[in-house]
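The primary structure of each chain is shown beneath.
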Amino acid sequence: MSHGFELKPAVAGIDPDTPAVLMPLARLLHFFNHAMVVLGMVALLVASCVLTYSVVSRYVMKASTDWQDEAAVFCLVGATFMCGAFVQSLRGHVGIEAMAGLLPQAVNRLRLALVDLMCTAFCAFFAWKSWTLFHEAWVEGQTTSSSWAPPLWIPYGLMAAGMTLLSLQLLVQLIARINGLFKPHQGAAA
């Protein structure tokens, strides 16, 4: 049973198995992911201020709050999707490793590569669908149903851009993982 005390802290970095041809993209993603985390922190701060203002203005000053909820949701959507690639760079998404201890090291490395492949395919499909939603909202001028009626291309664009970043991050990590499969590893003889 693991309680996490023996785990090393996650550090965002570039996988050493990343092929040289992908290093410029990996460095660009590393830089961009850190910038998105900073913007995500700002978006969360703005969302919390907007929601606090909403509560105070609604209950203390009896003022209308038709825009605050949507503004906060847009900030949260942006923070969530735009920071997903950073979390993936840490390999910080939820993963169940029940089989990792049961499989031989070589089979486990192959399993991890297959998981990366499936995640990349899913996120690429999600990104593509998000871009189609963005395009529809842009072309048709779709807005929310509130009286404020902000355009829906804003959250769809944030979702599409974030999923595209996540797909690129996963693709770079998948290629690095596949590249690592063909390198000799310590303990492979055991």
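Everything discussed here concerns the structure shown above.
The rules behind the values
- Throughout this description, residue numbers start from 1 for each chain and increase along the sequence as written.
- Totals for whole chains, interfaces and linings use every residue, but because this is a predicted model, local features are given only for residues with pLDDT of at least 70 and side-chain atom pairs only at 80 or more, for both listing and counting.
- For side-chain calculations, the full set of non-hydrogen atoms in the structure is used, while hydrogens and water are omitted.
- In plain words, nonpolar cores are sets of buried Ala, Val, Leu, Ile, Met, Phe, Trp, Tyr and Cys residues tied together by side-chain atoms within 4.5 Å.
- When accessible area is computed with a 1.4 Å probe and restricted to protein chains, residues below 20% of their type maximum are described as buried, those above 50% as exposed, and intermediate ones as partly exposed.
- A run of DSSP states H or I qualifies as a helix once it reaches four residues; a run of E qualifies as a strand once it reaches two. Both are numbered from the N-terminal end.
- Salt bridge, as used here, is a side-chain nitrogen of Lys or Arg placed within 4 Å of a carboxyl oxygen of Asp or Glu.
- Stacked, edge-to-face and tilted are the three classes for Phe, Tyr and Trp ring pairs, Trp counted by its six-membered ring, which pair at centre distances within 6.5 Å; planes under 30 degrees apart are stacked, over 60 edge-to-face, the rest tilted.
- In protein, a polar contact requires one atom able to donate a hydrogen and another able to accept it; more generally it is a pair of N or O atoms within 3.5 Å, and residues adjacent in sequence count only if both atoms are side-chain atoms.
- Any two residues whose heavy atoms approach within 4.5 Å are treated as being in contact.

(A) Up close: the nonpolar core. The biggest cluster of nonpolar side chains holds seven residues, and these are Ala26, Leu29, Met36, Met82, Ala85, Leu165 and Val172. Where this core is concerned, the elements lending two or more residues are α1 (23-59) and α5 (153-181). In terms of residue count, α1 provides more of this core than any other element does, three residues in total. Ala127, Met163, Leu166 and Leu170 belong to the second-largest nonpolar core, a separate cluster that totals five residues.

(B) Summary view of the pattern of salt bridges. Counted according to the given criterion, the structure contains two salt bridges. Across the pair aspartate 116 and arginine 91 runs a salt bridge whose closest N-O atoms are separated by 2.9 Å. Taken together, the residues aspartate 116 in helix α4 (residues 105-140) and arginine 91 in the loop between α3 (84-89) and α4 connect sequence positions 25 residues apart. Judged by relative accessible area, arginine 91 falls into the partly exposed class, the value being 34%. Here arginine 177 makes a salt bridge to aspartate 116, at a shortest N to O gap of 2.9 Å. Taken as a pair, arginine 177 in helix α5 and aspartate 116 in helix α4 lie far apart in primary sequence, 61 residues in all.

(C) Representation of the packing of aromatic side chains. Throughout the structure, instances matching the rule amount to eight aromatic pairs. Here the aromatic rings of tryptophan 138 and tryptophan 153 are separated by 5.1 Å at their centres, their planes lie at 70°, and the arrangement is edge-to-face. In this pair, tryptophan 138 sits in helix α4 while tryptophan 153 sits in helix α5, placing the two residues 15 residues apart along the sequence. Aromatic rings pair up to connect Trp131, Phe134, Trp138 and Trp153 into one cluster.

(D) Representation of the side chain of arginine 111. Along the chain, arginine 111 turns up in helix α4. A polar side-chain atom of arginine 111 sits 2.8 Å from a polar atom in the side chain of asparagine 108. Not counting the four nearest positions on each side in its chain, arginine 111 is found in contact with Glu97, Ala100 and Leu103.

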